[in-house]
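Summary of the model geometry
Each chain, letter by letter, is given below.
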Amino acid sequence: MKSSGAPAVFFLVLLLFSLPAPLTAISVYDVIRLSQEGYADDEIVGIIRATDSRFVLSAEDALRLRGEGVTEPVIREMLSRPAPDRKAGSPSPPVASEPGRSAPSPSGAGGNRPVPRRGALFAGSPYSEPGTDHHAYAAVTLAEIEVVVLRDAAGFSSPLSRARAVAARLNGLAARASGRFAAREARGEAKVIFEASGGPSSEILMVTPADIEAYRALSRREVTAATLASFWAALLNDYWSIAVAGQPPRYLTDSRDGEALERLSLAVGGPAGPRDAAAIRAAFDSLEPAERLRLRRLPAAVPEELDFPVRRSP
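Residues numbered from 1 in each chain as written. Predicted model: local features only at pLDDT ≥ 70, side-chain atom pairs only at ≥ 80, totals over all residues. Heavy atoms only, no water.

Observations concerning helix H9 (residues 259-268)
Residues of H9 that are buried include every one of Ala260, Leu261, Leu264, Ser265 and Val268, and no others. Along the axis of H9, the buried residues cluster in a sector spanning 150°; they form a single face. Elements that come into contact with the buried residues of H9 comprise strand E5 (145-150), helix H8 (225-245), helix H10 (277-286) and helix H11 (289-297). Remark: Gly269 follows H9 within two positions and exhibits a positive phi of approximately 55°. (Buried < 20%, exposed > 50% of the residue type's maximum accessible area, 1.4 Å probe, protein only. Helix = DSSP H or I, 4+ residues; strand = E, 2+ residues; numbered from the N terminus. Arc of directions from axis to C-beta. Contact = heavy atoms within 4.5 Å.)

Remarks on the sheet that holds strand E3 (residues 122-127)
Within the open sheet, the three strands sit side by side as E3-E4-E5. Their pairing is antiparallel. Each edge of the open sheet carries a strand with a single partner, namely E3 and E5. Taken over all neighbouring pairs, the strand axes of this sheet differ in orientation by 35° on average, direction set aside. Pairing of E3 with strand E4 (residues 137-142) involves six bridges; the strand directions are antiparallel. Bridge pairing links Ala123 to Thr141 in E4. (Pairing = 2+ DSSP bridges. Axes fitted to C-alpha atoms, helices over the stretch in contact; angles between N-to-C directions.)

Spatial relationships are all this shows, so hold off on functional conclusions.
Written out as structure tokens, the structure reads:
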């Protein structure tokens, strides 16, 4: 696996260690998926450390991880972070060998519990700005649908690395938690957090000055840090409702392009509960071309109609 280089590693690790705790721990399955999706070793190790993830691994588990494509530096990091609540002599949980099977979900507080997975919902993908030749941006995607556009590396090696880190947090939350996204502002900085139901909040994404300037150039309204954090939280809430909660979207449906979210929700259909990524993609492909275009345009600029309050941290 190709490393992103020493300077990139420095900035990545610096940013990850600067994120406030607690962040959602990732599972063994998450590590396997990140490895198979081409994440660099330093990116995976940085996410493990930033989320303070803990693992219960035997020598046999390490062999299985190698067979799944996890590299030695990542395995060494996992072995160096044992779960604190493991009892002596207790058997290690099996490492899942394929998506869709139960995989151990270790964390510092909750130990290990099986989590049924049917493939990752969120990913980080390259993003080309419509109508421009700018190809250096990235997006956090849901079943290949752009959810949040990131136009700044924010200390990562690239916007794509940043998008992948955000996607990893979202996938971890989708497997373990229910709640909502919210914008918060403190000391002139704005961010998006996830407020877990009956649990701690987790930071998802920080707004940077470069993010704000990029959105100002493309939006037909004034964009501040608080506005952009509210917009990102609204996008995440609506797509989370469709894909994870199995509920209708409600934050951006009054905006011109956001109306297509209701069409997507209806196309997904079915009972409430987590969706499969393939089903969401099939629902998207079933929409009229104009509706698909609306969803593609939605995250690119802040809608004029958006007017959400931002809670200020004490």
